[in-house]
Amino acid sequence: MWLVQVLLVWWSVQTTLATEEVLLDIPQGTLRGLRTKTNWHDVPYYSFKGIPYAKPNVGINKFQDPQPAEPWTGVHDATKHGSSCMSYCLIKQMVVGDEDCLFLNVYTPDLNKDAKRAVIVWIYGGVFTRGSADDLLYGPDFLVEHDVVLVTLNFRLGVLGFLNTGDKVAPGNAGLKDQVMALKWVRDNIVHFGGCAHRVTIAGQGAGGASVMYHLLSPMSEGLFKGAILQSGSAVNPWTLSHTPREDVFRLANALGIEATDSTELLSKLVEVPSTDIVLACQGLLDPKKTSNGKIFPFVPSVEPDVGQDVFLPDDPWQILKSGKIADVPLIGGMVLNEGKIFTSRLSRYTDYVNQHFEEFIPWPLNITDPARIKEVSESLRNFYLNGKDISTDNDNGFDQLVTDMGFTHGIIFPLKIISYRNTYPVYEYIFTFESPYNLMRTLFNVSGDTGATYGDELSFEFYTNIGMNIPEPGSVQDKMTNILTKLWTNFAKDGNPTSKLDDDVTVNWEPLGKEDNYLNINPKLEMEKDLWKDRIYFGANLYKDILGDYYTLFQ
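Keep in mind that what you see is a predicted model, and the values were worked out from it rather than measured.

Student: Describe helix H7 (residues 263–270), naming the residues involved and giving the relevant values.
Tutor: The set of residues buried in H7 consists of Ser263, Leu266, Leu267 and Leu270. Mapping the buried residues of H7 onto a view down its axis gives an arc of 95°, with all of them on the same face. Summarising the contacts, the buried residues of H7 are in contact with helix H6 (245–255) and helix H8 (275–284). Structurally, the start of H7 carries an N-cap: the backbone nitrogen of Thr264 is 3.2 Å from a side-chain oxygen of Asp262.

Student: Go over the packing of aromatic side chains with me, naming the residues and quoting the values.
Tutor: Between two aromatic rings, the relevant description is the distance of the centres plus the angle of the planes. Counted by the stated rule, this structure contains 30 aromatic pairs. Relative to Tyr138, the ring of Trp122 lies with its centre 5.8 Å away and its plane at 50°, an arrangement referred to as tilted. Taken together, the residues Trp122 in strand S8 (residues 117–123) and Tyr138 in the loop between S8 and helix H2 (141–144) connect sequence positions 16 residues apart. Tyr138 matches Trp122 in its accessibility class, with the two residues each being buried. On the numbers, 6.0 Å between centres and 90° between planes, the contact of Phe361 with Phe399 is edge-to-face. Of this pair, Phe361 sits in the loop between helix H11 (351–356) and helix H12 (371–386) while Phe399 sits in helix H13 (residues 396–422); the two residues are 38 residues apart in sequence, bridging distant segments of the chain. The same class applies to Phe361 as to Phe399, namely buried. These aromatic residues form a ring-pair network of at least three members: Tyr428, Tyr430, Trp489, Phe492 and Trp510. Over the ring of Phe358 we find Arg382; its NZ or CZ atom is 4.1 Å from the centre of that ring.

Student: Can you tell me about the side chain of Arg117, naming the residues and giving the values?
Tutor: With respect to the helices and strands, Arg117 occurs in strand S8. Note on Arg117: relative accessible area 11%, which makes it buried. Arg117 has contacts with Pro109, Asp110, Asp147, Val149, Gly194, Gly195, Cys196 and Arg199, leaving out every residue within four places of it along the chain.

What counts, and at which threshold
- Residues numbered from 1 in each chain as written.
- Predicted model: local features only at pLDDT ≥ 70, side-chain atom pairs only at ≥ 80, totals over all residues.
- Heavy atoms only, no water.
- Buried < 20%, exposed > 50% of the residue type's maximum accessible area, 1.4 Å probe, protein only.
- Helix = DSSP H or I, 4+ residues; strand = E, 2+ residues; numbered from the N terminus.
- Arc of directions from axis to C-beta.
- Contact = heavy atoms within 4.5 Å.
- Polar contact = N/O pair within 3.5 Å; in protein donor to acceptor, adjacent residues only side chain to side chain.
- Phe/Tyr/Trp six-rings, centres within 6.5 Å; stacked < 30°, edge-to-face > 60°.
- Lys NZ or Arg CZ within 6 Å of the ring centre and 35° of its normal.

Printed below as a string of structure tokens:
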């Protein structure tokens, strides 16, 4: 008993020494945060969670654009996260989160206002429909050890973030405008956390990577960042843009039993419906068999009408991209080896359906409507990826490549090449090929076996997750991979060059994409290579020939 009491006292003292409360004054008011240590190498840092960056968009305002947060009196408790934004949780099979969710988290090595540290602003993935900035998945432990400030932010999801009636009633993209508001908050406040407003890099994975490219394209985001990292997502992936936003709004209304003749009447009735019911109704609109062409969820970003106010996305992303109206900043972009495995494991439940409806794999932005052309393209996909056969266990690899390319490859690699051609700052392309033992997505989608790196594998080497407790063993290959990835990303945030500093882990110079199609194969060895998946890129360029226009020749 005596020994137990001694151990409890020792544990209490260690906890007190490891974590202490601190106060910080910013223009909004006083924050109470924590001085704590990383779970990797016990490096001290400061944590401020749940900081409101916008007014709560609740009740009748839940679909409206964000407004700057108001100051508070007293001390705001920033020792714990604010609520996540509302979404349907696949694990709990229920709606989680809250309408009042526009919070961000700041993690910093110290609070010296003169430090002018580089800042990484992280945007989470989740197909614009689910996700959270909490340290349950996005802990700062690995990145802050490299002397950068990390900011993670919540933004409204699904219908609450992306309802678009096609007119001034609800012009759309409130969730992306939330991100802009957060970036403005960083610009105005990050100096108080030891960061520099002129050294901000935006980064994200999946829908977060798509968000990064949307900010590169949007006039509302101009001047709010100096570098960008997009992982496994871009604004021209087929799942990142809705071409039928108004139709989807009225389809949702019908599912909720709402009758309306115009947008004003519809919205006035919709705001009276509990948000939980709205999110559940959106789940009922999904058909998991018919997601292979990229139209996964109905409420994602969309082109906004010109209503005489701030417009985040004034035109189709392809058109903005080809026009050259894109931020000229250093850029890292890429994907993992086998993005599609997560999704083919899900689609395999409906093999009979997809084999009979191979046209579902045609990316819907191609807008092919002629029946003869649909049949021609469908058969070309089957021939190229599956040697003309049906999907089966005998050609899993071809099926994975098909879904990877239709859902990710073309929408990531094509714009990187176009941006590299047009912009003056370098574009660094990569493929991540190291399979993680900690990938939570594998568990969620029941992916087993040696599949190679798949969707989300790189995240466990960027972020400590409180749910996975993914601290690598010292000296292990996972430890080396964590060192490599965090050094590449933080070097880039500091210098605009991911290999500005070479050492025992970062051993090669990462050459920009350029005319030679250079890319870095990110694994514990690090290898510079050329012409990523040349045959697959050539095949895809012919599919996208009309969309690529004059840029088609870049891929020949």
